[in-house]
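# Structure at a glance
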Amino acid sequence: MIRAVNWHFEALDDGFDLTFAGRVLLSHRTTCPALAIGCGQSQVAMLHGNFRIEDAPYAVRELADWMASDDGVVFTDQGEDCARISWGDDGLIVEALDPAINRLWLSFHAQPGETVWGGGEQMSYFALNGRAFPMWTSEPGVGRDKSTELTQKMDAQGMAGGDYWTTNYPQ
């Protein structure tokens, strides 16, 4: 369980830093916002545990303006409260405050040379630095590359072709 004592929030002239256990987790600056919001309508199809997820977000905007609150940070856009980040014993909570917002992008801080790992089971790139990684993944699938005939056939016959985030695809 994450304990609230491990969190430290520091307001700065041009943004804020949020650290956990002594490491910077979020580094928000007006020139490099930690949070973006938007809207979208996804299309999800599933066959035998293989998912095809398509999404076309729109009205995406980064939120540079913020204010500290009793329970975290509230992000604003043109004077309207849009989203909140809070933290405590239950972890980091990111939520939209406007019901029209149904997409949130959070940019975690990484130092030069630091490696980003995680996102659950993924068997391709060991380091995920600079890669978009879907948080909703499916069965590993067959094939290592969408340009190969095998992977294309598996996709056509049952949405079973592998993707870089689910398949052991060498770089």
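The notes below deal with the structure included here. (Residues numbered from 1 in each chain as written. Predicted model: local features only at pLDDT ≥ 70, side-chain atom pairs only at ≥ 80, totals over all residues. Heavy atoms only, no water.)

Looking only at helices and strands, the chain features one helix and twelve strands. From first element to last, N terminus to C terminus, the chain shows the α and β order β-β-β-β-β-β-β-β-β-β-β-β-α. Here the chain holds 171 residues, and 27% of them are scored as buried. Taking the contacts inside the chain whose residues are at least 6 apart along the sequence as the reference set, 44% of them involve residues at least 24 apart. Counting only carbon and sulfur atoms, one obtains 51% of the accessible surface of the chain, whose full area is about 10900 Å². (Helix = DSSP H or I, 4+ residues; strand = E, 2+ residues; numbered from the N terminus. Buried < 20%, exposed > 50% of the residue type's maximum accessible area, 1.4 Å probe, protein only. Contact = heavy atoms within 4.5 Å. Areas by Shrake-Rupley, 256 points an atom, 1.4 Å probe, with all protein chains shown as cover.)

We now examine the sheet that holds strand β8 (residues 65-69). Here we have four strands laid out as an open sheet, ordered β8-β9-β10-β11, and antiparallel in their pairing. Edge positions in the open sheet fall to β8 and β11 (91-96), since each of these has one partner strand only. For this sheet the average axis-to-axis angle between neighbouring strands, irrespective of direction, equals 20 degrees. Relative to strand β9 (residues 72-77), β8 is paired through five bridges, and the arrangement is antiparallel. Its bridge partner being in β9, Ala-68 is matched across the sheet by Val-73. (Pairing = 2+ DSSP bridges. Axes fitted to C-alpha atoms, helices over the stretch in contact; angles between N-to-C directions.)

Next up on the list: the pattern of salt bridges. Here the structure, examined in full by the defined rule, presents seven salt bridges. Close ionic contact of Arg-84 with Glu-95 constitutes a salt bridge, the shortest N to O distance being 3.0 Å. In this pair, Arg-84 sits in strand β10 (residues 80-88) while Glu-95 sits in strand β11, placing the two residues eleven residues apart along the sequence. Taking the relative accessible area as the measure of exposure, Glu-95 reaches 29% and is therefore partly exposed. In the salt-bridge network here, residues are joined through shared partners; they are Asp-14, Asp-17 and Arg-29. (Salt bridge = Lys/Arg side-chain N within 4 Å of Asp/Glu carboxyl O.)

Once that is clear, we can look at the pairing of strand β1 (residues 7-12). Two elements, β1 and strand β2 (residues 15-20), share six bridges in a ladder whose sense is antiparallel. In the sheet register, Ala-11 faces β2, and the bridge partner there is Phe-16. Where β1 folds back on β2, the antiparallel hairpin that results is connected by two residues.

A word on unusual backbone geometry. Its identity is not glycine, yet Ala-21 carries a phi of approximately 50 degrees, on the positive side. Positionally, Ala-21 belongs in the loop between β2 and β3 (23-29). Positive phi values are uncommon outside glycine, yet Gln-78 reaches one of about 55 degrees. In this structure Gln-78 comes out as exposed when scored by relative accessible area, which is 75%.

Quick look at the nonpolar core now. The biggest cluster of nonpolar side chains holds 14 residues, and the ones touching the most others in it are Leu-26, Leu-35, Ile-37, Leu-63, Phe-75, Cys-82 and Ala-83. Only β2, β4 (35-39), β9 and β10 provide two or more residues apiece to this core. Top contributing element to this core by residue count: β10, with three residues. (Core = buried A, V, L, I, M, F, W, Y, C linked by side-chain atoms within 4.5 Å.)

A few words on the packing of aromatic side chains. All chains considered together, the criterion is met by six aromatic pairs. Consider the rings of Trp-7 and Phe-20, whose centres lie 4.8 Å apart with planes at 55 degrees: the pair is tilted. One end of the pair, Trp-7, is in strand β1; the other, Phe-20, is in strand β2, with 13 residues separating them in the sequence. Taking the centre distance of 5.6 Å and the plane angle of 25 degrees together, the rings of Phe-9 and Trp-87 count as stacked. Within this pair, whereas Phe-9 is found in strand β1, its partner Trp-87 is found in strand β10, the two being separated by 78 residues in sequence. By relative accessible area, which is 24% here, Phe-9 ends up partly exposed. Classification of Trp-87 as partly exposed rests on a relative accessible area of 22%. Every member of this aromatic cluster is reached through a ring pair, and the members are Phe-9, Phe-16, Trp-66, Phe-75 and Trp-87. (Phe/Tyr/Trp six-rings, centres within 6.5 Å; stacked < 30°, edge-to-face > 60°.)

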